[in-house]
Amino acid sequence: MTSPTKPLLFNAAPMFTASHAHHGQWRRPDAIDSEFNDVRLWIELAQKLEEATFDGIFFPDVSGHHGPVDVPFDTIVEEGLQLPSNDPLLLLAALATHTEHIGLAFTSNILQSHPFTFARQVSTLDHLSGGRASWNIVTGWQNNGARNFGLRSLPEHDSRYQWAEEYVEVAYKLWEGSWDEGALLKDKANSRFSDPAKVHKIFHEGPRYRVEGPHLPSPSPQRTPLLYQAGSSAAGRAFAARHAEGVFLLADSPASAAEQISQTRALAVEAGRRPEDLKFFPGLSFIVGDTEEEAQDKAELVHSYVSVAGLLAHMAVVDDDGQAYPLDTPLSQVRTQAMQGAVEGARSRITDREPIVEDLAHELRSNPLVGTPEQIADALEEWHDAGVDGINVMSYVLGDYAEFADKVIPVLRERGLAKTAYGEGTYRRKLFGEDRLNDRHPAAAYRGAFSNGPRTWEEATA
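Our subject in this report is the structure included herewith. What you see is a predicted model; the values in this text were computed from it and never measured. (Residues numbered from 1 in each chain as written. Predicted model: local features only at pLDDT ≥ 70, side-chain atom pairs only at ≥ 80, totals over all residues. Heavy atoms only, no water.)

### Describing the pattern of salt bridges
Here the idea is simple: oppositely charged side chains can pair when their charged atoms come close. Tallied over the full model, the rule gives 25 salt bridges. Here Arg192 and Asp195 are joined by a salt bridge, their closest N and O atoms 3.4 Å apart. Owing to a relative accessible area of 36%, Arg192 belongs among the partly exposed residues under this scheme. For the salt bridge of Lys298 with Glu403, the shortest nitrogen-to-oxygen distance reads 2.4 Å. Taken together, the residues span a long stretch of sequence, with Lys298 in helix H9 (residues 292–304) and Glu403 in helix H14 (residues 399–414) at a distance of 105 residues. You can call Lys298 partly exposed: its relative accessible area is 24%. (Salt bridge = Lys/Arg side-chain N within 4 Å of Asp/Glu carboxyl O. Buried < 20%, exposed > 50% of the residue type's maximum accessible area, 1.4 Å probe, protein only. Helix = DSSP H or I, 4+ residues; strand = E, 2+ residues; numbered from the N terminus.)

Here's what the structure looks like:
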């Protein structure tokens, strides 16, 4: 193995619910996940992660339940399969007051919130946290989620990315263009809180949104939050190449991660950015023991609590009418508006036979890294050498994070694979060396774009 030249970045990736992806584990006697409504649980976790110099705590989220539409969802309810779940944005506002450095990342899809309201919420979090807000941009993948916001079904896959392009355009205009630098004065002597010549309406009018502005918050420390993206389909990778700073990978090996990284970096260059403008984070789970025997015993315990029914309900693949494909359906026959990246990935990885829908549940289960802290560090060095920038640590139960922090992080620090202290500044500065998006990002085009712009809709549409 080559000697590491820079430490890995680490995000914890829990969910504000009892069962995120490893379904059934909340039933374990040592699991506290069912108490997720207690904010003290999350404050303690965030402080523990910060003590271990985790770079971020990232919350996935949903806007509806999994599975097909118009059928009983008893399994989902009984399994606690991301139901009930709470709003992570509100939780992050609480965590901001009990931490100082850790990045605060959350998922919000384009269906669930108007971009004007959303941009205001994110700027507020960025202010309250001193510049640690981060958004995972997703387009939604649940039919029930789409129906919760007035749609009859999930829109066609690639059309959701077209929708996302306008959504982020509105947000960028508000974050980057509505307030010029120096607009906020706080000039008590002359009774001028802000300079009206430097605060602008955006007069956005597009296929879905008509937004006048101005952005209600003043510029936050990052203006635009640190941007993550998790789509693994062709459309998702292209969107990430244009907009993302951090990319979440679904990869079952360092080689698979390396291939995805190479492809997406090449797309970023085509979009006018540089390869180093993106950082890549595969999601990995860990089972750690002081000895190999202890680690294997823990792995057997984890396996004994796996809920196959929960996994299958989570990964149910539905057709354009929202009806589930049978589990034995070959993936080559699947036509779906959701989870296209997962379907494509399974077809590329399973080459010795025709993959079927049931295989997607096993994709979700994944193979954890099992072993002693030293063996875990050996494995992570392989991922590092494959070109990943960081790891999304996926827990089986929330207590896994303290074990990883106490046992694995010290070994990684000894090898230079984990940092020993935080840098100064915002979340973006800690990861990229600067507080604001660089000029190569499409959001930068809106800086100063409205300085001499229209003052009314009539002028804007003239």
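### A closer look at the pairing of strand S10 (residues 246–249)
Across the two faces of S10 the burial is the same, with Gly246 and Phe248 and Val247 and Leu249 all buried. The pairing of strand S9 (residues 226–229) with S10 spans two bridges and is parallel. Across the sheet, the residue bridging to Tyr228 is Gly246, located in S10. Since S9 and S10 lie parallel, the crossover through helix H7 (residues 234–243) that links them has a hand, and here it is right-handed. One ladder, built from four bridges, connects S10 with strand S11 (residues 279–288); its direction is parallel. In the strand pairing of S11, Gly246 is matched with Lys279. (Pairing = 2+ DSSP bridges. Right-handed = clockwise from strand over helix to strand, strands pointing away.)

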